[in-house]
Amino acid sequence: MNVLLFCCCVFTAAVVTGHVEPDDFIGFSSAPDAVARGSEVHVRYRCSGPCRLVVEAVVAVEAEAEAVVFRREWTGGGPGGVFRVRRVPLRWPPSVLYRRDFFNRRVLDARRVTVRARLHRLDAGGEEEEEAGLSVSTELRVQPPAERPAPPAAGCPSWSARLLWRTSGTRTQRCPHESAVVDMLTFPLASSGRHFGAVRRFHPFADRTLEGRRAVTQPSVSFSVWVFLLRRCRQKLCGVVHHVSRTGAYDSVLMQLTDTGDIIVQVRVASGEDEAFQAEAAMPNRKWIRLDCYIQNTEVCLDTTWDDITVRHRYKFLQSVHYDDADGYFVIGGSRDMPSISGYFGPFKYYRLGTEEVENQLDPTMQILDQTHRECQEVKALTRAFLKEVTESHDTTTGASSPRLTRLWRPSRENVCMQTWSWEEHLKHRTLFRFLQTEQENIRAGPLSLRELRRVLFHRAVGSMFAADREPNETADRSTALLRMSSCIGDHEASLLLAALCFSGLERPVDQQQGHVYSLIGAAGNNRFALMHAGYKHQHGLDGFPKDPGVAYSYYSNAGVQSSADNVHGDQQHLLELVYLSSPEDLRLTQESGDGVHFLQYRAARGDAESQRQLGTVLLYGRHGVQRDAPRAAEWLHRSAMRRDPAAMYDYSVMLMKGHGVKKNFTRGLKLMEKAAEMGSVSALNGLGWYFGFVLSDHEKALSFFRQAALNGSADAEFNLGVYELTGQNPAAPRSNETAAFLRFLNASRLGHDAAAVEAARYLSTGRLEGVAQDAEAAVMMLKQVCDRSGRLGFLVRVALQEFLQGSRRLAFVKYALAAEAGLDLAQSNAAYLCEELQLGPDCQWRYHNFSTLTSDPRPDALLKVGDLYASRGSAAALGEAVRMYGRAAAAGSPEGMYNLAVLAERGFVLPASVLGSFNASLEPDVLLNILRRCVRAEGEEALVTPCSLTLVRVRLGRALRGRSQSGAELLLTFASLLSVAVALVVVPLQSRLERREAGRRASAPRAWPAREQDGGGGGASGTAAAAGNLSGERRLLQSCDAAVTLAGVCMCVCCTALLLHVLGPEHA
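Residues numbered from 1 in each chain as written. Predicted model: local features only at pLDDT ≥ 70, side-chain atom pairs only at ≥ 80, totals over all residues. Heavy atoms only, no water.

(A) Inspection of the overall build of the protein chain at higher detail. A count of helices and strands for the protein chain gives 39 helices and 22 strands. When each of the 1069 residues of the protein chain is scored for burial, the buried share is 47%. Long-range contacts, defined here as pairs at least 24 residues apart, represent 63% of the contacts in the protein chain between residues at least 6 apart. (Helix = DSSP H or I, 4+ residues; strand = E, 2+ residues; numbered from the N terminus. Buried < 20%, exposed > 50% of the residue type's maximum accessible area, 1.4 Å probe, protein only. Contact = heavy atoms within 4.5 Å.)

As structure tokens, then:
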């Protein structure tokens, strides 16, 4: 009866969410019909036992998104099961009640508002029973945001804030534009034919209309990509583009190129099986080819276009294609299990919802790239032909085959050139012919190979660059032509140097497009420095390269793998030495390193174990300018090991086991390594783990050693544990655990392990692991650090330093410029220094100083230099950039940076809060004094007179003098001090004169008294009285002068003390 009456009032029935007792009940005895301020509900309920009751107000913002804006709960019930009524006031948030205004800016556009009540039975412990529950709800009307009442006044905003609100508060917020057409590549991507490529990920559309059209089982997808093949695939198949699912398997679509130039397209059909077809395209080399792929339900069409001819290949599968581009990631080029093409990728357009006709045009850079490769083919053909003619002893003194008329003038006994080189070719490549003529004797004596010839070309070009006593145009053109020939023959350091010349404007005008071409040629040639150069430019978006972390990763991953495989004991390998040419201390230590080695030899010869080990390490790795000498290194390490030095014992044991510099003796090396481990060598623990794991296959014992070494901070041990997790060779967990392996690799990379950094970056670039988000920028940063530590780069920098110390500034600049273009900040600072030394112009200094500031921790002197270059330009924007550079230098603790900021602040330039906050200079109201005080502290207590301290005194003195004119008491004190000075100027001379007269009178008094006594009479008495009166007056005047001088001195002391307190500041008061 009661239940029926209640249901008629509100709704028909309550919803039972589980098994409940028949006496339990909940419902609304009264509820509002709309959202309003002060509304309330009355909940009628009955519990046969302990229960918890909850009332909630839920706002539905979107179709599936709900937000709880109000909640109230209480406990009740007990034996007897009596009906109770609870009044619950509904406290609505302003975002639901009122319209948008200055204080209520976040308004919910609610589609639906529901008030619901729930009843849950409680067990003996006071916890809710899972199987019991009862709920009831009612829906309330809600007004649109524009029709809601205004909120009550909550404050009075300022006039400026109210004006800003009125101008911007009425703007309609629009959803960000979301396009179904994606530019996967807008700039050419060089591919060296290795297992590397650019990674791209897609997410579901935020726009539900677009997401609804993105079908998975009956897809409509299209994409278009340009490719340029330098050669056919080295293996049977190489990748163009492939899709990898989140499980690591290939998904739709997979496009590969065969070694015959045909194309294979593989898809996954609805049943989960993989099917493919082969298009017999016979794609040519050295032509731009456009591949257009259309996927429509069960049909796949592939169009191949080159030389304005399009051929269509169509295939229809029996089942619908399964295509989910939001699952996993796409790779343009190669990956770990698939090599890429050898050549270039052009613009890549991807239509997520398909299209009937793609639009994808060639970039101008791509056309210049095609033309450059054609010219290089001519250079190669001419060079090979010339080498062949010379080795076959034909006469090539003219540099080209003579025309028929010229041959008739020759004596019949001379050999003639059998090649048909036209005069046009001869004129076009005259620099090449001249060079080959000068090398004829070397070619005949050699024979000189193309590899050797290109290095000769490179060194000949470098030798003629940047000379002060040359004709600028002629020599510059010749050196550039020689570099082009060297690049065409395959020396891609020449390609990188040509790119640097095109970008910097040295030796030739700036030409970014041609610079892009040479950069791409070097990267496609798999030159490590060119790969680092391209990755660095894409990482920061420099020299016209678009900022693209995915493309930067494709280059850096290739260079990182090469760098992680470096062996510092091999040829052209050297540890990087941090020597800055602008630092006299670095140069002094470098020049004195030979004395240090001699001192090590002196101490080592006298039996010092530490010196013996250090000397062995120097000889082993070739440090401090010492040539590598493995046998001598083994000798000194052996002596130190015999004196029980654990580090030397480990190094010598490794040399014994490898036979490096000493006769191989694996057994002896193992015993020595075990002794080193017992004595606490962490490296020896890792070495024993390697021996038991990879030699004896005793993985349990190997893991024990690796864990001990990892706990003691061994990067190698962390990496080896990651390998075990990845391969599933751990006996305790015989399955591959990529997440655990990634964490191990990440820890090892933080300890400086290069191979671990390469592996961790691979996971970060794809974001395939659950819980590991894609972060291509972090992956690029990790790989750049690996590349900067490479032995090849260290060797290049070492050669550059040697050239500088020997006085060859030009050659040193070329080497440093190559390393600087590869992104090494040390080389960038040194190249900028040499730009100034060689007077190559301010643009050269600007370029490399600016590059050196792009690192996460730049040198303050580079920041200051770039700031000065910005400030010299004079514009407001340039001055803002100068302030930013000075602020970064100041944040790094540079007093010069703080001083420059103080000078700008004193001149009235408003320093931004971001700059002041970088070194906490915005915490005090007086910014100028705060900066100067921090600058004085940064300069140190040793220096008493510094620019910052003098400026601080000057600023405070000026402010103290200006402040006196604004204070009545201080102004009175100042006037009194000035009056005292005037009085002192008058009184002091008078006082001095009176004192002299008094001294003279005292000196003449004994001689005058006898004469006066002889005169006798009244006249003498009156004269004496008058003299006494004059004397007393002069004495009173003298006393007044003393008092005036004393008062003036007191006033001056008070005035100077007050002024000094102003100058020193409140902290010294």
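(B) Focus on the sheet that holds strand 6 (residues 84-89). An order of 2-3-6 is seen for the three strands of this open sheet, with the pairing classed as antiparallel. Each edge of the open sheet is held by one strand with a lone partner, namely strand 2 (25-30) and strand 6. Pairs of neighbouring strands in the sheet enclose a mean axial angle of 30 degrees, with direction left out of account. For strand 2 and strand 3 (residues 40-46), the ladder comprises five bridges, and the chain directions are antiparallel. Bridge pairing in strand 3 links Gly 27 to Arg 44. (Pairing = 2+ DSSP bridges. Axes fitted to C-alpha atoms, helices over the stretch in contact; angles between N-to-C directions.)

(C) Quick look at the nonpolar core. Met 255, Ile 263, Met 283, Tyr 344, Phe 813, Tyr 816 and Tyr 848 are the most contacted members of the largest nonpolar core, which totals 151 residues. Counting residues per element, this core draws most heavily on helix 12 (residues 492-504), which supplies nine residues. (Core = buried A, V, L, I, M, F, W, Y, C linked by side-chain atoms within 4.5 Å.)

(D) Broad picture of the packing of helix 32 (residues 860-873) against helix 33 (residues 876-891). Axis separation between helix 32 and helix 33 bottoms out at 8 Å; the angle between their running directions is 165 degrees. By the angle between their directions, the pair helix 32 and helix 33 is classed as roughly antiparallel. With respect to the hand of their crossing, helix 32 and helix 33 are arranged in left-handed fashion. On helix 33, the residues touching Pro 860, Leu 863, Leu 864, Val 866, Gly 867, Asp 868, Tyr 870, Ala 871 and Arg 873 of helix 32 are Ala 878, Glu 881, Ala 882, Met 885, Tyr 886, Arg 888 and Ala 889. (Parallel < 35°, antiparallel > 145°, perpendicular 65-115°, else oblique. Left-handed = near helix turned anticlockwise from the far one by under 90°.)

(E) Spatial organisation of the pairing of strand 16 (residues 274-279). The pairing of strand 15 (residues 263-269) with strand 16 spans six bridges and is classified as antiparallel. For Ile 264, the partnering residue across the bridge sits in strand 16 and is Gln 278.

(F) Looking closely at unusual backbone geometry. For the bond running from Ser 252 to Val 253, omega is 10 degrees, close enough to zero to count as cis. In this structure, Val 253 sits in strand 14 (residues 250-258). With a phi angle near 60 degrees, Asp 308 is a residue other than glycine that sits in the positive phi range. Mapped onto the elements, Asp 308 comes out in the loop between strand 18 (299-306) and strand 19 (309-316).

(G) Representation of the packing of aromatic side chains. For the structure on display, the rule yields 25 aromatic pairs. Arranged with centres 5.2 Å apart and planes meeting at 50 degrees, the rings of Phe 187 and Phe 545 form a pair that is tilted. Separated by 358 residues along the polypeptide, Phe 187 in the loop between strand 9 (181-185) and strand 10 (189-192) and Phe 545 in the loop between helix 14 (528-540) and helix 15 (549-564) bring together distant segments of the chain. Take Phe 187 and Phe 545: they sit in the same class, and that class is buried. For the pair Phe 277 and Tyr 315, a centre-to-centre distance of 5.1 Å together with 10 degrees between the ring planes defines the contact as stacked. Remark: Tyr 315 occurs in strand 19 and Phe 277 occurs in strand 16; sequence separation between them is 38 residues. Residue Phe 277 is classed as buried on the basis of its relative accessible area, which comes to 8%. Against the face of Phe 83 rests Arg 44, its NZ or CZ located 4.4 Å from the ring centre. The ring of Trp 636 is capped by Arg 639, whose NZ or CZ atom sits 4.4 Å from the centre of that ring. (Phe/Tyr/Trp six-rings, centres within 6.5 Å; stacked < 30°, edge-to-face > 60°. Lys NZ or Arg CZ within 6 Å of the ring centre and 35° of its normal.)

(H) Region of the structure containing the packing of helix 30 (residues 825-837) against helix 31 (residues 842-852). Following both chains from N to C, one finds helix 30 and helix 31 inclined at 160 degrees, their axes separated by 8 Å at the closest point. In terms of their interaxial angle, helix 30 and helix 31 are classed as roughly antiparallel. Handedness of the helix 30/helix 31 crossing: left-handed. Facing Asp 825, Gln 828, Ser 829, Ala 831, Ala 832, Cys 835 and Glu 836 of helix 30, the residues of helix 31 in contact are Cys 844, Gln 845, Tyr 848, His 849, Phe 851 and Ser 852. Taken together, the residues of the contact of helix 30 with helix 31 break down into six nonpolar, five polar and two charged. (Nonpolar A, V, L, I, M, F, W, Y, C, P; charged D, E, K, R; others polar.)

(I) Broad picture of the environment of Cys 51. Structurally, Cys 51 is set in strand 4 (residues 51-60). Sequence separation between Cys 51 and Thr 75 is 24 residues; the distance between their C-alpha atoms is 5.7 Å. Look past the residues within four positions of Cys 51 in its chain and what remains in contact with it is Trp 74, Thr 75, Gly 76, Gly 77, Leu 119, His 120, Arg 121 and Leu 122.

(J) Examining a positive patch on the surface more closely. Taken together, the side chains of Arg 194, Arg 231, Arg 234 and Arg 286 make up a positively charged region of the molecular surface. Among the secondary structure elements, Arg 286 is positioned in the loop between strand 16 and strand 17 (288-296). Judged by its relative accessible area of 31%, Arg 286 is partly exposed. (Patch = residues over 30% accessible without salt bridge, like charges linked within 9 Å, V, L, I, M, F, W, Y side chains within 5 Å. Areas by Shrake-Rupley, 256 points an atom, 1.4 Å probe, with all protein chains shown as cover. Salt bridge = Lys/Arg side-chain N within 4 Å of Asp/Glu carboxyl O. Lys, Arg positive; Asp, Glu negative; His and termini not counted. Charge placed at Lys NZ, Arg CZ, Asp CG, Glu CD.)

(K) Structural context of a nonpolar patch on the surface. A cluster of nonpolar side chains, Trp 690, Phe 694, Val 695 and Leu 696, forms an exposed patch at the surface whose accessible area comes to about 370 Å². Following the sequence through the fold, Val 695 ends up in helix 22 (residues 682-695). Judged by its relative accessible area of 40%, Val 695 falls in the partly exposed class.

(L) Main features of the state of the cysteines. Within the structure shown, the criterion is met by five disulfides. Bridging Cys 47 to Cys 51, the disulfide has an S-S length of 2.1 Å. Here Cys 47 and Cys 51 share a disulfide; its torsion about the S-S bond, 85 degrees, makes the bridge right-handed. A single burial state applies to Cys 47 and to Cys 51, both of which are buried. Of note for the protein chain: the bonded cysteines, numbered N- to C-terminal, pair according to 1-2, 3-4, 5-6, 7-8, 9-10. Free cysteine Cys 293: the closest other cysteine sulfur is in Cys 301, separated by 8.3 Å. Residue classification places Cys 293 among the buried positions, given a relative accessible area of 0%. (Disulfide = S-S within 2.5 Å.)

(M) Examining the environment of Gly 155 more closely. Turning to its location among the elements, Gly 155 is positioned in the loop between strand 8 (134-140) and helix 3 (159-168). Looking at Gly 155, the relative accessible area reads 42%, which means it is partly exposed. Gly 155 sits 53 residues away from Phe 102 along the chain, and the two C-alpha atoms are 9.7 Å apart.

(N) Representation of helix 12 within the structure. Helix length check: helix 12, at 13 residues, gives a terminal C-alpha distance of 18 Å against a target of 18 Å (1.5 Å per residue), a fit within 8%. With 13 of its 13 residues buried, helix 12 lies for the most part within the structure. With a side-chain oxygen positioned 3.1 Å from the backbone nitrogen of Glu 493, the residue opening helix 12 is Asp 491. Positioned one or two residues after helix 12, Gly 505 has a phi angle of 80 degrees, which is positive. (Expected span 1.5 Å × (residues − 1). Polar contact = N/O pair within 3.5 Å; in protein donor to acceptor, adjacent residues only side chain to side chain.)

(O) Molecular detail of the pattern of salt bridges. A full pass over the atoms with the stated rule returns 37 salt bridges. A salt bridge links Arg 116 to Glu 56; the shortest N-O distance between them is 3.2 Å. With a gap of 60 residues between them, Arg 116 in strand 7 (residues 112-121) and Glu 56 in strand 4 connect regions that are remote in the sequence. The class of Glu 56 is buried, set by a relative accessible area of 5%. Via salt bridges that share partners, Arg 52, Glu 56, Arg 71, Glu 73, Arg 116 and Arg 118 belong to a single interconnected network.

(P) Helix 10 (residues 450-463), seen in detail. Over its 14 residues, helix 10 runs 20 Å from end to end, which matches the ideal 20 Å to within 8%, given 1.5 Å per residue. Within helix 10, burial applies to Leu 453, Arg 454, Leu 457, Phe 458, Ala 461 and Val 462.

(Q) Examining the pairing of strand 4 more closely. Here strand 4 lies mainly inside the structure; 10 of its 10 residues are buried. Burial of strand 4 is two-sided: the residues Cys 51, Leu 53, Val 55, Ala 57 and Val 59 facing one way and the residues Arg 52, Val 54, Glu 56, Val 58 and Ala 60 facing the other way are all buried. In this sheet, strand 5 (residues 66-76) lies alongside strand 4 in antiparallel orientation, the contact comprising 10 bridges. Paired with Ala 60 across the bridge in strand 5 is Glu 66. With 10 bridges connecting them, strand 4 and strand 7 associate as antiparallel partners. Paired with Ala 57 across the strands is Val 115, a residue of strand 7.

(R) Representation of the side chain of Asp 303 within the structure. Within the element layout of this structure, Asp 303 appears in strand 18. Exposure remark for Asp 303: the relative accessible area of 7% places this residue in the buried category. Polar contacts involving the side chain of Asp 303 include one to the side chain of Arg 312, which spans 2.8 Å. Among residues more than four places away in sequence, those in contact with Asp 303 are Arg 290, Leu 291, Asp 292, Tyr 294, Thr 310, Val 311, Arg 312 and His 313.

(S) The side chain of Thr 298, seen in detail. Mapped onto the elements of the fold, Thr 298 is located in the loop between strand 17 and strand 18. With sequence-adjacent residues up to four places away left out, Thr 298 is seen in contact with Tyr 315, Lys 316, Phe 317, Gln 319, Ser 320 and Val 321.

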